[in-house]
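Each chain, letter by letter, is given below.
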Amino acid sequence: MKAIQLQSIGQLALVDVAIPAIQADELLIRTGATTICTSDVNDLRGNPFGIDLPAVIGHEAAGVVAAVGAAVQRFSVGQRVATHPVHPCRNCPACRAGLGHLCERMGHFGVNLPGTMAEFYRVRQDRARPLPDEVSFKAGALAEPVCVCLEALAQARLPAGGRLLIVGDGPFGVLMARLAQKRPLGRVVLAGQMDFRLGFAPAGMRLNVKETADPVEAMRRANDHAGYDAAILAVGSRQAFADGLACLKPRGRMVVFSALPGETPVDLFAVHLKELEIVGACSDKDLFDQAMPLLRDPALDELVTHHFPLTEYRQAFELAEFGKQQAMKVAFTF
Ligand SMILES: [Zn+2]
Ligand SMILES: [Zn+2]
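Fair warning: this is a prediction, and the values are worked out from it, not measured in the lab.

### Notes on the coordination of the zinc ion (ligand 1)
Note on the zinc ion (ligand 1): its protein donors are Cys37 (SG), His59 (NE2) and Glu60 (OE). The metal-donor distances range over 2.1 to 2.4 Å. One chain supplies every donor for the zinc ion (ligand 1), spaced along it as C-x21-H-E. Here Cys37 is found in the loop between β3 (26-35) and α1 (38-46), whereas its partner Glu60 is found in strand β5 (residues 60-68), with 23 residues between them in sequence.

If you want it as structure tokens, here you go:
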């Protein structure tokens, strides 16, 4: 089968590899769509997760069941499914504590399991869900992005009527804003730098701080200077972290969703003085079932602005990395 392989840092190639062999509790999926994630671009630029190269990458995908293992009962060949990249081991202390998303020995598409940027991939049956006929494969590929955005909102632990600041107008920030819209919050502000990207978020939430001399003041003003109960870092920027922290009310919570490798300075005096909390959000604690009905939102299809065949992987990755004024999610379709 054809697949996109990360061969070394900066080096992608379209290669022929064997179709993955499945185990008894696994499904073989004929890929319908797979979307490029920020982390795929990060893998290409620096391999921060230390993936054993060469490797087929990609982890956000949906498709059709092409074969089932001997122990599979709930799925059948021909069925459309969405899949989740995280495969908890179910045995380590984190898994036994009910925190499979923080598993110490997890399998993950594109890291230590074959990636989804391929004509076929394999998934353990508990990490697949039936995809309704009316939901496209492109929207189905966003199942895990929706899960992780729900996790960021869960980690924000907002009270009813609470005020939320999301810093970063990429696909994840926009998705969080759309999901937050369905909740009984007092105010949601999505701060970003591009009108094109902010345009995918609900109208009343958009705040472009690009031309602003004082972004923190603009974010505070957008909330009538009431202070935010929580801020979510949805862009890999140290300045955005500092700005978000500065906008919190006493006992406010900063959710670190985007990856910021290395060390980041933190205003610990503000943390001390205002009794602030800083929490992480990575992957999701069993939110797959909660995410599935949300995939019916037609806005998800609009979020996937471009799609390419695997053969055009160079253009696709270039658009995902540099085309921020014209593209949101970029997909491979088959
Ligand atoms: Zn992803
Ligand atoms: Zn585990």
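### A word on the packing of helix α4 (residues 143-156) against helix α5 (residues 171-181)
The N-to-C vectors of α4 and α5 enclose an angle of 65 degrees; their axes lie 9 Å apart at closest approach. Considered as vectors, α4 and α5 are oriented roughly perpendicular to each other. Handedness of the crossing formed by α4 with α5: right-handed. Two secondary-structure elements touch here, α4 through Pro145, Val146, Val148, Cys149, Leu150, Ala152 and Leu153 and α5 through Phe172, Leu175, Met176, Leu179 and Ala180. Residue classes in the contact of α4 with α5 are distributed as 12 nonpolar, no polar and no charged.

### A closer look at the pairing of strand β14 (residues 228-233)
Strand residues, when the strand is regular, have side chains that alternate between the two faces of the sheet. Burial of β14 is extensive: six of the six residues sit out of reach of the surface. Of the pairings in the sheet, the one linking strand β11 (residues 163-167) to β14 comprises four bridges and is parallel in character. Bridging from a neighbouring strand, Ile166 pairs with Ile232 of β14. What joins β14 to strand β15 (residues 248-256) is helix α8 (residues 238-246), and the crossover it makes is right-handed.

### As for a nonpolar patch on the surface
On the surface, Val266, Leu268 and Ile278 cluster together into a nonpolar patch covering about 250 Å² of accessible area. Note that Val266 resides in the loop between β15 and α9 (268-274).

### Some details on the coordination of the zinc ion (ligand 2)
Protein coordination of the zinc ion (ligand 2) is provided by Cys89 (SG), Cys92 (SG), Cys95 (SG) and Cys103 (SG), with donor distances spanning 2.3 to 2.4 Å. The site at the zinc ion (ligand 2) holds four donor atoms, and with the angles between them running 103 to 116 degrees, its shape is tetrahedral. Binding-site remark: the zinc ion (ligand 2) is held by donors from one chain whose sequence spacing is C-x2-C-x2-C-x7-C. Across this residue pair, the class does not change: Cys95 and Cys103 are buried.

Calculation notes
Residues numbered from 1 in each chain as written. Chains lettered and ligands numbered in written order. Predicted model: local features only at pLDDT ≥ 70, side-chain atom pairs only at ≥ 80, totals over all residues. Heavy atoms only, no water. Donors = N, O, S within 2.8 Å, 3.2 Å for Na, K, Ca; no water. Helix = DSSP H or I, 4+ residues; strand = E, 2+ residues; numbered from the N terminus. Axes fitted to C-alpha atoms, helices over the stretch in contact; angles between N-to-C directions. Parallel < 35°, antiparallel > 145°, perpendicular 65-115°, else oblique. Left-handed = near helix turned anticlockwise from the far one by under 90°. Contact = heavy atoms within 4.5 Å. Nonpolar A, V, L, I, M, F, W, Y, C, P; charged D, E, K, R; others polar. Buried < 20%, exposed > 50% of the residue type's maximum accessible area, 1.4 Å probe, protein only. Pairing = 2+ DSSP bridges. Right-handed = clockwise from strand over helix to strand, strands pointing away. Patch = residues over 30% accessible without salt bridge, like charges linked within 9 Å, V, L, I, M, F, W, Y side chains within 5 Å. Areas by Shrake-Rupley, 256 points an atom, 1.4 Å probe, with all protein chains shown as cover. Salt bridge = Lys/Arg side-chain N within 4 Å of Asp/Glu carboxyl O. Tetrahedral: all angles 85-135°; square planar, octahedral: opposite > 155°, others 65-115°.

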